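Listed below are the residues making up each chain.
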Amino acid sequence: MSDLIFSLKGESSSAAKFIAKTRQFKLVIDEPEDLGGTDENANPVEYLLAGLAGCVNVVGHLVAKELGFSIRKLTIEVTGNINPNKLFGFSNSERAGFKGIDLKLIPETDASIETLVAWLKIVEERCPVKDNLTNITPVKVSVQKQYAI
């Protein structure tokens, strides 16, 4: 199977709000008021956590089907902690990103605990978003200036 390519494009509508489009969807990224935003939507790190939860949801159901059991309901809780000092330029002593992320899966299923342990191991191995968060992924960042002619 060849690579799947995902992309989005967007524009800043303010210093704290970014509006992106991907396929036929509009994603609005905003900050809470205490971080300079209007609190109209989730912020970037909340989208990252939601992306992880959403990916685990898809992979979790896929793997459950492969293992021959059904999940009636899957509740996912995700929490991450960030020290904002680097983000705001107060210090370079800590990284800008999450110090850690805790992901809790609460499936409603008749599967045994042994099956769920095997399921979780496979889900962790096959979730693309978890893979990106736990392994180094090359990210190329560039700047392009627009010129008026």
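What counts and what doesn't
- Residues numbered from 1 in each chain as written.
- Predicted model: local features only at pLDDT ≥ 70, side-chain atom pairs only at ≥ 80, totals over all residues.
- Heavy atoms only, no water.
- Core = buried A, V, L, I, M, F, W, Y, C linked by side-chain atoms within 4.5 Å.
- Buried < 20%, exposed > 50% of the residue type's maximum accessible area, 1.4 Å probe, protein only.
- Helix = DSSP H or I, 4+ residues; strand = E, 2+ residues; numbered from the N terminus.
- Contact = heavy atoms within 4.5 Å.
- Expected span 1.5 Å × (residues − 1).
- Arc of directions from axis to C-beta.
- 1 Å grid on protein atoms, 1.4 Å probe; cavity = no way out; pocket = protein on both sides within 12 Å on 5 of 7 lines; lining within 4 Å.
- Points joined across faces, edges and corners; volume = space filled by probe spheres on them.

Asks: An account of the nonpolar core is needed here, citing residue identities and associated values.
Replies: Ranked by size, the top nonpolar core spans 15 residues in total, and within it Val56, Val59, Phe69, Ile71, Trp119, Val123 and Cys127 carry the most contacts. Those elements that place two or more of their residues in this core are α1 (44-67), β4 (71-81) and α2 (113-126). Here this core gets six residues from one element, more than from any other, and that element is α1. Here valine 123 is in contact with Val56, Val59, Gly60 and Val63, once residues within four sequence places are set aside.

Asks: Now, about α2: what can you tell me, with residues and values included?
Replies: The end-to-end C-alpha separation of α2 is 20 Å, in line with the 20 Å expected for 14 residues at 1.5 Å each. Within α2, burial applies to Leu116, Trp119 and Val123. Burial along α2 is one-sided: seen end-on, the buried residues are contained in an arc of 60°. Residues of α2 that are exposed and angled more than 90 degrees away from the buried face: Glu114, Val117, Lys121 and Glu125.

Asks: Would you mind going over the layout of surface pockets in detail, with residue names and values included?
Replies: Estimated volume of the largest pocket: approximately 580 Å³. Taken together, 13 residues make up the lining of the largest pocket; nearest its centre are Phe6, Ser7, Leu8, Thr22 and Leu27. Elements that contribute at least two residues to the lining of the largest pocket include exactly β2 (18-22) and β3 (25-29). The volume enclosed by the second largest pocket comes to roughly 430 Å³. As for the second largest pocket, its lining consists of 17 residues, of which Phe98, Gly100, Ile101, Leu133 and Thr134 are closest to the centre. Going through the elements one at a time, α1, β5 (100-109), α2 and α3 (128-134) are the ones with two or more residues in the lining of the second largest pocket. For the lining of the second largest pocket, the element with the highest residue contribution is α1, accounting for four residues.

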